[in-house]
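Structural features, examined
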Amino acid sequence: MSMSIINPSSFTLVIFSFTLVLALAMLFLIVKKPKEQLPPGPRGWPIIGNLFHMIMNRPVHVWIHRSMEDMQTEIACFRFARVRVITVTSSEIAREVLREKDEALADRSESYSSNLISHGYKEIVFNSYGDNWKLMKKMMTTKLMSPTTLNRLIA
């Protein structure tokens, strides 16, 4: 019975090739990431973001406001795991965001519970932005929330 012994130089070549491929893959992943135009925010951990800071600094809204004062900014980006939260403390910036960027902010994330609550996303609260949402919003503002309807409910 003969046993073959692996040549140490071939083993070293395999390890070197694996390390080189891994290093190149990491380099391409880091270089190819598109830089997003996001407001400044506190540095977070690689995967969990600012989740640890949020848990350690209660109440969270006070910590967010204090962080924004420390950064001397009126708009900031906080990252909680995969979710990014943009906070605004200026009424002018909030007005601009809600008037000019409403299409980007109108979509809701889909989930099992919101699907159940809204009976298949058929309500205005959980419906995604589109023609159906625009029609429901128009009906809501003109028919349900009109001054005449509200005055009838009060009287």
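As a reminder, the structure under discussion sits directly above these lines.
These numbers were taken from a predicted model, which means no experiment stands behind them. (Residues numbered from 1 in each chain as written. Predicted model: local features only at pLDDT ≥ 70, side-chain atom pairs only at ≥ 80, totals over all residues. Heavy atoms only, no water.)

Its 12 residues give helix H3 (residues 60-71) an end-to-end C-alpha distance of 16 Å, which sits within 8% of 16 Å, the value for a rise of 1.5 Å per residue. Where the residues of H3 are buried, they touch helix H2 (51-56), strand E1 (75-80) and strand E2 (83-88). Positive backbone phi, at 55°, marks Gln72, one or two positions downstream of H3. (Helix = DSSP H or I, 4+ residues; strand = E, 2+ residues; numbered from the N terminus. Expected span 1.5 Å × (residues − 1). Contact = heavy atoms within 4.5 Å.)

It is worth spelling out unusual backbone geometry at this point. Pro59 follows Arg58 through a cis peptide bond whose omega is -10°. In this structure, Pro59 sits in the loop between H2 and H3. Non-glycine residue Gln72 carries a positive phi angle of around 55°. Examined against the element boundaries, Gln72 turns out to sit in the loop between H3 and E1.

Taken together, the 6 bridges between E1 and E2 define a ladder with antiparallel strand orientation. Looking at the pairing, Ala76 lines up with Thr87 of E2. Linking E1 back to E2 in an antiparallel pair, the connection comprises 2 residues, with Ala81 at a positive phi of about 60°. (Pairing = 2+ DSSP bridges.)

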